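Given next are the chains, with one letter for each unit.
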Protein chains: 2
Amino acid sequence: MDKHDRISPAVIRRLPKYYRYLGELTKMGINKTSSRELSEMTGFSASQIRQDLNNFGGFGQQGFGYDVENLRNEIAKILGLDNKYKIIIVGAGNIGQAIANYTGFYEADYEVVALFDKNPKLIGMSIRNAMIMDSDDLEDFLEKEKIDIAVICTPKSVSQQVAEQLVRCGIHAIWNFAPKDLKMPENVHVENVHLNESLFSLTYYYNRMNREKNKNE
Amino acid sequence: MDKHDRISPAVIRRLPKYYRYLGELTKMGINKTSSRELSEMTGFSASQIRQDLNNFGGFGQQGFGYDVENLRNEIAKILGLDNKYKIIIVGAGNIGQAIANYTGFYEADYEVVALFDKNPKLIGMSIRNAMIMDSDDLEDFLEKEKIDIAVICTPKSVSQQVAEQLVRCGIHAIWNFAPKDLKMPENVHVENVHLNESLFSLTYYYNRMNREKNKNE
DNA sequence: CGCCTCCTGCCTATATTTTAACAATCATTC
DNA sequence: GAATGATTGTTAAAATATAGGCAGGAGGCG
């Protein structure tokens, strides 16, 4: 699987989108598609779609197109959506609870096994079969349970410290919602969801649009 | 302000990060910095940082560096963080409520004015001074109040429809949390936060790491 | 069967983004 | 007040990402 090593992040970011649209086609009962059709749906150029897919092998048939279900399965395999993943959430505040309640992951087999928090009022509560446990028990828990992905939803002040603790306990994949960049060793992958930065970008474009509108009036 | 028109999105995405780190420097009482220092903090190359900033003008002093507070204010101005923004949230489920409760926006003046939902159990509740109102009252509300940014936290099945309604009522900036791409006119800016796609990317890298680890053993 | 249309996979060209290099400039030191 | 070291702004080069173009294969149709 050496070919995976050199795939650009931009390609990986697009794959979930293809996957989603292929799912929609399946739901509509359409079982054949083409890069042109996917282009219309996703907004990416047909050429780019073909090239993206060809990074992983020729899933299509020349002169014909792609089999929707087959292509979807192949992308699932590439992303690893054909496996099960156990998740814990550290920090059971607003965001942590929202993630635990989020049903949008249904497309793959992600299971939130437990949440952790310091707040005694939260400890003992359950969210969709997942218990909120005391943060002090985190390390013991990770020793016993094999966890794939940890979600950090703590305040930023403790996020680095929590991340280091997680890594010490063998975690290699972190989904970080704290507005801070984690300094992590090479063999840990961090996926950031920085809501501020997203909102600030939006703010920039909002203002730019307003400036243009005023100019044209 | 024509120069803003051609700034690449990649640059805009980095500005909030500079802004955040400059805030941290201020908090530490440091009032002078350099592209090299910012590079160490942010992980971007010093060259790139200088080039990014010079898109908007020379904020530094040759041979000396940048004044932390001044640079931070300039970036704030570029992003528009020196203004106030009124926000509504459509969909007061888990994510909607979490956003309403989110305090991470404190760096700028964002005010969540109201939430909207169809669920009678939620209508009438308040979250941090913002009331959850009936979705049926959305259009009336938007006629009376001048809202800058709308957040979509509805199920994906209605997100497109909600977005169109918002645009009809004069909204031009949408922060979309529904796992669907909105088809919008040119003069509307949509910033997507697609949690699935983010998690799927993480899953890909998690698996790739595991493959590499197994190979090296 | 032959022709036409459509579409992939691949190769090439263009555009964009990032990195590198360097002259100009400033504060500091001796 | 001249030399030094640090650092910017800017230009050029390299790397990367995207788009375009085309040969060849597949299916459909008369």
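The notes below deal with the structure included here. Within every chain, residues take consecutive numbers counted from 1 along the sequence as written. Key to labels: chains lettered from A, ligands numbered from 1, both in the order written. Under the rules for a predicted model, residues below a pLDDT of 70 receive no local features and side-chain atom pairs below 80 are neither given nor counted, while totals for whole chains, interfaces and linings still include all residues. The side-chain numbers reported here are obtained from all heavy atoms of the structure, hydrogens and water having been left aside.

**Comments concerning the overall build of chain A**
Stage number 1. Runs of E in the DSSP output that reach at least two residues are strands. Runs of H or I that reach at least four are helices, and both are numbered from the N terminus. Within chain A, the regular secondary structure consists of eight helices and nine strands.
Stage number 2. The principal-axis extent of the C-alpha atoms belonging to chain A is close to 60 × 55 × 35 Å.
Stage number 3. Considering only intrachain contacts with a sequence separation of at least 6, the fraction spanning at least 24 residues in chain A is 54%.
Stage number 4. Element-wise, carbon and sulfur atoms account for 46% of the exposed surface of chain A, whose accessible area totals about 10,700 Å².
Stage number 5. Here chain A contributes 27 positive and 29 negative side-chain charges, whose respective centroids are spaced 6 Å apart. Note on contacts: a residue pair qualifies if any of its non-hydrogen atoms lie within 4.5 Å across the two residues. Accessible surface is estimated by sampling points in the Shrake-Rupley manner with a 1.4 Å probe; for residues, cover comes only from the protein chains shown. Counted as positive: Lys and Arg. Counted as negative: Asp and Glu. His and the chain ends are not counted at all. Just so you know, the charge point we use is NZ for Lys, CZ for Arg, CG for Asp and CD for Glu.

**Observations concerning the protein's contact with DNA strand D**
Stage number 1. Taken together, 25 residues surround DNA strand D, and among them Ser47 and Gly63 of chain A together with Ser35, Asn54 and Gly63 of chain B come closest.
Stage number 2. Here, proximity means that at least one heavy atom of the residue falls within 4 Å of the molecule or strand. Protein-adjacent atoms of DNA strand D, using a 4 Å cutoff, are sugar or phosphate at a proportion of 59%.
Stage number 3. What qualifies as a polar contact is a pair of N or O atoms within 3.5 Å, subject to a donor-acceptor requirement within protein and to the restriction that residues adjacent in sequence count only when both atoms come from side chains. With respect to DNA strand D, the side chain of Arg50 of chain A contributes an N or O atom lying 3.2 Å from a base oxygen.
Stage number 4. Note that a phosphate oxygen of DNA strand D is positioned 3.0 Å from one of the side-chain N or O atoms of Tyr66 of chain B.
Stage number 5. At the level of elements, α3 (46–54) of chain A together with α2 (35–42) and α3 (46–54) of chain B are the ones that each hand at least two residues to the surface near DNA strand D.
Stage number 6. With four residues, the top contributor of residues to the surface near DNA strand D is α3 of chain A.

**Digging into the relation of the copies chain A and chain B**
Stage number 1. The copies were overlaid with a least-squares fit restricted to C-alpha atoms from residues scoring a pLDDT of at least 70 in each copy. Mapping chain A onto chain B is achieved by rotating through 180° and translating by 0.0 Å along the same axis, at an RMSD of 0.1 Å. One copy is carried onto the other by what is essentially a two-fold rotation axis. Across chain A, the rotation axis passes nearest the C-alpha of Ala98 of chain A, at a separation of 3.2 Å.

**Brief notes about the protein's contact with DNA strand C**
Stage number 1. Taken together, 27 residues lie around DNA strand C, and Ser35, Gln62, Gly63 and Tyr66 of chain A together with Gln62 of chain B are the ones closest in.
Stage number 2. Within 4 Å of the protein, atoms of DNA strand C come from sugar and phosphate in 67% of cases.
Stage number 3. At 2.9 Å, a backbone N or O of Gly63 of chain A approaches a base oxygen of DNA strand C.
Stage number 4. Ser45 of chain B is positioned with one of its side-chain polar atoms (N or O) 3.2 Å from a phosphate oxygen of DNA strand C.
Stage number 5. Here the surface near DNA strand C gets four residues from one element, more than from any other, and that element is α3 of chain B.
Stage number 6. When the residues that make up the surface near DNA strand C are grouped by side-chain class, the tally is five nonpolar, 18 polar and four charged. Charged means Asp, Glu, Lys or Arg here, nonpolar means Ala, Val, Leu, Ile, Met, Phe, Trp, Tyr, Cys or Pro, and polar covers whatever is left, Gly included.

**Some details on the pattern of salt bridges**
Stage number 1. Think of a salt bridge as a Lys or Arg side-chain nitrogen and an Asp or Glu carboxyl oxygen that are within 4 Å of each other. Evaluation of the coordinates by the stated rule reveals 22 salt bridges over all chains.
Stage number 2. The partner of Arg20 of chain A in a salt bridge is Asp181 of chain B, with the nearest N and O atoms 3.2 Å apart. Placement of the pair is Arg20 of chain A in helix α1 (residues 9–27) and Asp181 of chain B in the loop between β8 (173–176) and β9 (189–192), with the two residues belonging to separate chains.
Stage number 3. Salt bridges sharing common partners tie together Lys17 and Arg20 of chain A together with Asp181 and Glu197 of chain B.

**What about the interface of chain A and chain B?**
Stage number 1. Contact residues are listed per partner, giving 72 residues for chain A and 72 residues for chain B.
Stage number 2. Buried area adds together the accessible area that both of two parts lose upon being put together, with accessible area traced by a 1.4 Å probe. Both sides of the chain A and chain B interface together cover about 6,500 Å² of buried area, and 57% of this is carbon and sulfur.
Stage number 3. Contact with chain B buries area across many residues of chain A, yet Phe200, Tyr204 and Tyr206 of chain A alone supply 11% of it, more than any other trio.
Stage number 4. Where chain A packs against chain B, one counts eight salt bridges.
Stage number 5. One salt bridge connects Arg20 of chain B with Glu197 of chain A, and the closest N-O pair in it is separated by 2.7 Å.
Stage number 6. Counting the contacts that link chain A with chain B gives 27 residue pairs in polar contact (both at pLDDT 80 or more).
Stage number 7. Where the side of chain A that touches chain B is concerned, the elements lending two or more residues are α1, α2 (35–42), α4 (68–79), α5 (94–101), β8 (173–176), β9 (189–192) and α8 (195–215) of chain A.
Stage number 8. Per element, the largest residue contribution to the side of chain A that touches chain B is 19 residues, and it comes from α8 of chain A.

**A few points about the sheet that holds strand β5 (residues 126–127) of chain A**
Stage number 1. Taken together, the seven strands give an open sheet; going across it, the order is β5-β6-β4-β3-β7-β8-β9 (chain A), and neighbouring strands pair in mixed fashion. Two strands bound the open sheet, and with one partner strand each, they are β5 and β9 of chain A.
Stage number 2. Strands pair, by our definition, only if DSSP identifies at least two bridges between them. Relative to β8 of chain A, strand β7 (residues 149–152) of chain A runs parallel, the two sharing three bridges. In the strand pairing of β8 of chain A, Val151 of chain A is matched with Trp175 of chain A.
Stage number 3. Helix-sheet contacts for helix α8 (residues 195–215) of chain B involve β3 (84–90), β4 (109–117), β7, β8 and β9 of chain A, and the interaxial angle to β8 of chain A is about 160°. Simply put, an axis is a line fit to the C-alpha atoms, just over the touching stretch for a helix, and the angle between two N-to-C directions goes from 0 to 180 degrees.

**What to know about the environment of Lys121 of chain A**
Stage number 1. Structurally, Lys121 of chain A can be placed in the loop between β4 and β5.
Stage number 2. Residues Lys121 of chain A and Ile132 of chain A, spaced 11 residues apart in sequence, show a C-alpha to C-alpha distance of 10.0 Å.

**Quick look at the side chain of Arg14 of chain B**
All names here are of chain B.
Stage number 1. Along the chain, the position of Arg14 falls in helix α1 (residues 9–27).
Stage number 2. Residue burial is assigned from relative accessible area. The probe radius is 1.4 Å, only protein chains are included, and a residue is buried under 20% of its type maximum, exposed over 50%, and partly exposed in between. A residue is classified by how much of its surface remains accessible, and Arg14, at 14% relative accessible area, is buried.
Stage number 3. A polar atom in the side chain of Arg14 sits 2.6 Å from the side chain of Asp52.
Stage number 4. Other than its neighbours up to four places away in sequence, Arg14 contacts Phe44, Gln48 and Asp52.

Any link to function would need more than the numbers given here.
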